[in-house]
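Residues per chain are reported as follows:
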Amino acid sequence: MLAPITGPRASALRLVPCALATLLLAACGGGGGAGGPDASSAQAVGIRNDNTPFAIRTVNNRADLVSGGDALVEVTAPPGTVNAGVLKITRNGADVTGAFSPTGKGTVVGLVTGLANGQNLIEATVRGGPGAQLVVTNAPREGPVLSGAHIKPFYCATPAPVPGDGVTTPTTLASGLSGQPDANCNILTETRFYYRTHVPAGSTAGTCSTALPEGAPPAGRSFCWQPYTASVPVADIATTTTDAGVTVPLVVRLERGTMNRGIYDIAVLVSDAAAPWTALAPQAAWNRKVYYTFGASTGQPRRQARPATNWSIQEVQLRRGYLVVQNSMTDSARNSNRVLMSETVMMMKEHIADTYGAITYTLGTGCSGGSINSNMNASINPGLLDGIITSCTYPDSETTSMEVGDCTLLVDAYQKMRATPLWSGLAQSVVDAKKAAINGHVDPSACHAWFNAFGNNGKAGVYLPRLVGPTGQTFVSGGPTNNCELPNSAVYDPANPGATANLPRCNAWSWGESIWGKSPNGVAANDTRDNEGVQYGLKALRDGRITAEEFVAVNELIGGSDRDSTPRAARSTADAPALDIAYRSGIVASGKQLAKTAIIDLRGWDDSNITLPPGVAPSSIPIHHQWFSFAVRDRIVRDEGDAGNQALWRFANTGLLPSAALFTEAFLAMDQWLLALAADTSEGTIAQKVRATRPAGTQDFCFLTGDGTNKTFDAALCDADPFLKPSLSPRQVAGGPRAEDVLKCQRKPLAAADYPPGTFSADQWTRLQAVFATGVCDWSKPGRRPAACCEPAHVQGRSRRPALAGRARVREEVNAGIARRRFALWAAAALSCPSLALRASPRCRVPTSATCTRTPACWRAARPPSTCAASWRTPAPRCSPGRSWTTCPGSGPRRRASCRSASPRPGRSGTGSSAASRATRRRCAAGSCPRCWCRPTSMPRWPARRTW
């Protein structure tokens, strides 16, 4: 039996697979496109009489990414053994056969509980004879699985708030649970039932409140959802018919607990509140669909909290039979570590599938920071969400922060400009027009909003909040504070850096330092902020909206910021390791990954709170600009060739958010899209299938201002509407692409030939040379990102996408980028591909592509282009320690004949010395056999002959 592995070694083992890949949380069983090694993480040892492996696999996640102490496991056993009572299954030597039930397909499936943290051995045998083994690596419920060490200190929620001491500890937040947290913020899970009353929802007398049914209801009103018991009269309960045609009383099962240190709610319709519910026998009221909501904003507080969104407002989804889920660690305001966020989604989906049953599809949704988390799941770990509906859309957090940073610096630069003769005598309207031209926005209100809402979010320690007024004048508002939600004395203080250097830092990069790693000073985290070479206002200069002197002055005055977000005269400079991690992890949203997810983007107007569509109330922070949706589109088009997976629906009549009718239309259209995608078993890549199954009614359209009824499908007409036309960002005015995914530009020398003759005086040119001594951005180049290397082998040449419903599906592309300094050796190999990480496999697969270069970056082995170009997948030139080559089993659509003759017979280890076997191994080592794989040398062997 394997001893459980804990501590740093366990963390290293979880990181080594270098991928966030997960199986689709689907039913056990399998077959068709989902069968075989590609559909599981099983170790097949030996061949049954019908040449089918005796195998074990985890159903709802990869075996090395399991969490929470349990895993749904499927065992494929020899014919006749499943029902004969001769099959024995153990977990670390303990008999767990009783947890398994036959599926009728030659397999048994069971939920194996009691997994120790670290490695666990699952073994299946037939009366002590031949069998199979699978090592399952389990992470604790509090995580992490592979996102690196949790940030500390972190203060757990309690049943009721507990006051802090005001010096080192904060007041705790209410958990909504009755149990006390343990040292890792785990709180005992609770299950409750609620029923929907017949009272209509609303905000006036005679209506009910859709708020969480906890505490006291609003004065004069009741909660729409009431606690359910068996004594509640049936007549008091509303009824519903799900989209699967099941009519039931509107009663939901609410599970509340903790996962990855976040507090979660899972609400799902029940057929019978008193009946049991298992993954193998889910209740019929659930339609097998998951609706995952992500909270808005962004932040990095160090207090455990409840989810930002409420299950009780998702009545449309619950009535249709969806399982609704939230977790505070997937709320952007509570967690800005996006890899940790995506890991939490993975853990939640595994828990749902292990507890409730197979998932047909998962739909993610959110606005603002919720859109960031929707898109970043699709980029960091494509496949966790099958489709997303976003509003107030941003592509990702890292590139959105560029506009935040630029606006923050420009607001201060403009204030300095008003103190010079250049602007001091100008009318406010003239100054505002110049600011808008440099910002790329309709007016200055957008940059003012960024300054006020998130200009302080990058502060690493104690700071005095600063705001900007309508005229551009900045001022201090409030006393010292910090972004950790801790007492000021308990966090880093830039005013006293020596004494407080080792106290917590409170910006997004320090919150995610397990991903970014430490900077050269060994204290702060690596940082991606950079504006070297950026020529602010370049387009405004060329368009004649600012003078040459104003252009030079703004670029002289803007400067940059240090790691603490303290303004400085020098430009900001990114850390090279952070840039590599940002792109290779998918934190900078990859168009290639986004292209694999069905997207409906609901884009409203929020470019200004001064210039407004008729009848629309001003927004307090107009920061959700039109162009962000087009940045997503441009990345997809650039990387995939078209944006056929993204439906862009624009409107301005309702301001930022869509009407209830428009969102419902998007919701129903996405349901149609994902059901078609789930049923598609034809040939093609995932990106192709997403496009092929897109419903006809999801084409791009807009509602022109003043017309909220008639859809306009002519993009030119939509763009001509001033409230639908995308504006620009400061970087785009400086010449950057609308995709806005260049964190650090490549530079070229400042050249007079790049400007019209006579643009600058001799003095102005000298000053400009001083500003750009190291050059200006060369936007014709892609920016400082890792060079392309290769595609992962499990993606290349894949001809079938396993059906989503009723089978396990391997994520076609995955993206780890979990690079901590102590895992530098792993990172050097695993992060060699631009936006993809390798999937560890028993077959020692390596990335393959015709563009692969001869470099140690490809899995620590030089792979010549001729080898990398091999179709489907190419075996590595050697097995890892403790493994040996087997011969090819002779299956697969390519080179079948060349491998069939070398298939081992029962009783052979697969490493025989026959001439055919030696020849096959030579072909495997040379990369010419697509089905070779490695097996542990210690695995049990089959007897020479056996009749089942």
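Preceding this section is the structure that the text describes.
Notes on the structure follow.

About the criteria used
- Residues numbered from 1 in each chain as written.
- Predicted model: local features only at pLDDT ≥ 70, side-chain atom pairs only at ≥ 80, totals over all residues.
- Heavy atoms only, no water.
- Helix = DSSP H or I, 4+ residues; strand = E, 2+ residues; numbered from the N terminus.
- Buried < 20%, exposed > 50% of the residue type's maximum accessible area, 1.4 Å probe, protein only.
- Contact = heavy atoms within 4.5 Å.
- Areas by Shrake-Rupley, 256 points an atom, 1.4 Å probe, with all protein chains shown as cover.
- 1 Å grid on protein atoms, 1.4 Å probe; cavity = no way out; pocket = protein on both sides within 12 Å on 5 of 7 lines; lining within 4 Å.
- Points joined across faces, edges and corners; volume = space filled by probe spheres on them.
- Nonpolar A, V, L, I, M, F, W, Y, C, P; charged D, E, K, R; others polar.
- Polar contact = N/O pair within 3.5 Å; in protein donor to acceptor, adjacent residues only side chain to side chain.
- Disulfide = S-S within 2.5 Å.
- Phe/Tyr/Trp six-rings, centres within 6.5 Å; stacked < 30°, edge-to-face > 60°.
- Lys NZ or Arg CZ within 6 Å of the ring centre and 35° of its normal.
- Pairing = 2+ DSSP bridges.
- Right-handed = clockwise from strand over helix to strand, strands pointing away.
- Axes fitted to C-alpha atoms, helices over the stretch in contact; angles between N-to-C directions.
- Core = buried A, V, L, I, M, F, W, Y, C linked by side-chain atoms within 4.5 Å.
- Expected span 1.5 Å × (residues − 1).
- Salt bridge = Lys/Arg side-chain N within 4 Å of Asp/Glu carboxyl O.

**A look at the overall build of the chain**
- Looking only at helices and strands, the chain has 25 helices and 34 strands in total.
- Burial analysis of the chain (948 residues in total) assigns 59% to the buried set.
- The long-range fraction of contacts in the chain, counting pairs at least 24 apart against all pairs at least 6 apart in sequence, stands at 70%.
- When the accessible surface of the chain is totalled, it reaches about 33500 Å², and 56% of it is carbon and sulfur.

**Things to note about empty space enclosed by the protein**
- The full count for this structure, using the stated rule, is nine cavities of 30 Å³ or more.
- Estimated volume of the largest cavity: approximately 810 Å³.
- Lining the largest cavity are 48 residues, and of these S401, V404, G405, G458 and W509 sit closest to its centre.
- Looking at the lining of the largest cavity, the elements with two or more residues in it are α3 (338–355), α4 (369–380), α5 (397–418), α8 (445–454), α10 (508–511) and α11 (513–516).
- Top element by residues in the lining of the largest cavity is α5. It accounts for 11 residues.
- Of the residues contributing to the lining of the largest cavity, the split by class is 17 nonpolar, 22 polar and nine charged.

**Notes on the side chain of S565**
- The residue S565 is located in the loop between β24 (560–561) and β25 (567–568) in this model.
- Since its relative accessible area comes to 10%, S565 is described here as buried.
- Reaching out from S565, the side chain makes a polar contact with the backbone oxygen of G458 at a distance of 2.7 Å.
- Separated by 2.5 Å, the side chains of S565 and R529 make a polar contact.
- Apart from the residues lying within four places of it in its own chain, the contact partners of S565 are G458, K459 and R529.

**Regarding the state of the cysteines**
- Evaluated as defined, the whole model comprises seven disulfides.
- Through a disulfide, C484 is tied to C506; the S-S separation comes to 2.0 Å. On the S-S bond that ties C484 to C506, the torsion sits near -105 degrees, and the link is left-handed. Of this pair, C484 sits in the loop between β23 (474–476) and α9 (497–500) while C506 sits in the loop between α9 and α10, and the two are 22 residues apart along the sequence.
- The buried category is assigned to C506, whose relative accessible area is 1%.
- Disulfide pairing is shown between C745 and C777; the S-S distance is 2.0 Å. An S-S torsion of about -70 degrees defines the bridge between C745 and C777 as left-handed. Of this pair, C745 sits in the loop between α20 (730–733) and β29 (747–748) while C777 sits in strand β30 (residues 776–777), and the two are 32 residues apart along the sequence.
- Looking at C777, the relative accessible area reads 5%, which means it is buried.

**Some points on the packing of aromatic side chains**
- This structure, assessed with the given rule, holds 23 aromatic pairs.
- With centroids separated by 5.4 Å and ring planes inclined at 80 degrees, the aromatic side chains of W277 and Y356 adopt a geometry described as edge-to-face. On the criterion of sequence distance, the pair formed by W277 in the loop between β17 (262–269) and β18 (289–293) and Y356 in the loop between α3 and β20 (361–367) is long-range, its members being 79 residues apart.
- The exposure class of W277 is buried, given its relative accessible area of 14%.
- Ring geometry for Y414 against W423: centres 5.7 Å apart, planes inclined by 35 degrees, an arrangement best described as tilted.
- Classification of Y414 as buried rests on a relative accessible area of 4%.
- Clustering of aromatic rings is evident, with ring pairs tying together Y394, W450, F454, W627 and F628.
- We note R261 situated over the ring of F154; from NZ or CZ to the ring centre the distance is 4.1 Å.
- Between R505 and the ring centre of Y492, over which it is positioned, the NZ or CZ distance is 3.7 Å.

**Section: the pairing of strand β21 (residues 387–391)**
- For β21, the buried fraction is high: five of the five residues fall into the buried class.
- Here β21 shows a buried face lined by G387, I389 and S391 and a second buried face lined by I388 and T390.
- Here β20 pairs with β21 via five bridges, running parallel. Bridge pairing links G364 to I388 in β21.
- Between β20 and its parallel partner β21, the chain crosses via α4, and the hand of that crossover is right-handed.
- Pairing analysis gives five bridges linking β21 to strand β26 (residues 598–603), with the strands arranged parallel. Across the sheet, the residue bridging to I388 is I599, located in β26.

**Considering the sheet that holds β26**
- What the 11 strands build is an open sheet, ordered β13-β10-β16-β17-β19-β18-β20-β21-β26-β27-β28; its pairing is mixed. With one partner strand each, in any of the chains shown, β13 (225–227) and β28 (701–702) form the two edges of the open sheet.
- The strands that helix α16 (residues 627–640) touches are β26 and β27 (646–650); relative to β27, the one it contacts most, it runs at about 160 degrees.

**Description of the environment of P614**
- Following the sequence through the fold, P614 ends up in the loop between β26 and α16.
- What makes P614 exposed here is its relative accessible area of 63%.
- For the pair P614 and G655, spaced 41 residues apart in the sequence, the C-alpha separation amounts to 9.7 Å.
- Those residues in contact with P614 that sit more than four places away from it in its chain are T705 and F723.

**What about the nonpolar core?**
- Core analysis: the largest hydrophobic core is formed by 69 residues, its most contacted members being I266, W286, L323, V325, I352, Y356 and W450.
- In terms of residue count, the dominant contributor to this core is α3 (eight residues).
- W225, L363, I600 and A647 belong to the second-largest nonpolar core, a separate cluster that totals 39 residues.

**Quick notes on helix α17 (residues 660–679)**
- If you check α17, its first and last C-alpha atoms are 29 Å apart, about what 20 residues at 1.5 Å a residue would give, namely 28 Å.
- Three or more residues of α17 are buried, namely L662, A666, F667, A669, M670, D671, W673, L674, L677 and A678.

**Remarks on the side chain of Q646**
- Its location among the elements puts Q646 in strand β27.
- Residue Q646 is classed as buried on the basis of its relative accessible area, which comes to 1%.
- Polar contacts involving the side chain of Q646 include one to the side chain of R633, which spans 2.7 Å.

**Considerations on the pattern of salt bridges**
- Within the structure shown, the criterion is met by 41 salt bridges.
- For E315, the salt bridge is made with R196, and the minimal N-O distance between the two is 2.8 Å. Pair noted here: E315 is in helix α2 (residues 315–320) and R196 is in strand β10 (residues 190–196), with a separation of 119 residues, a long-range link.
- Assessed through its relative accessible area of 16%, E315 is described here as buried.

Purely spatial values, then, with no claim about function.
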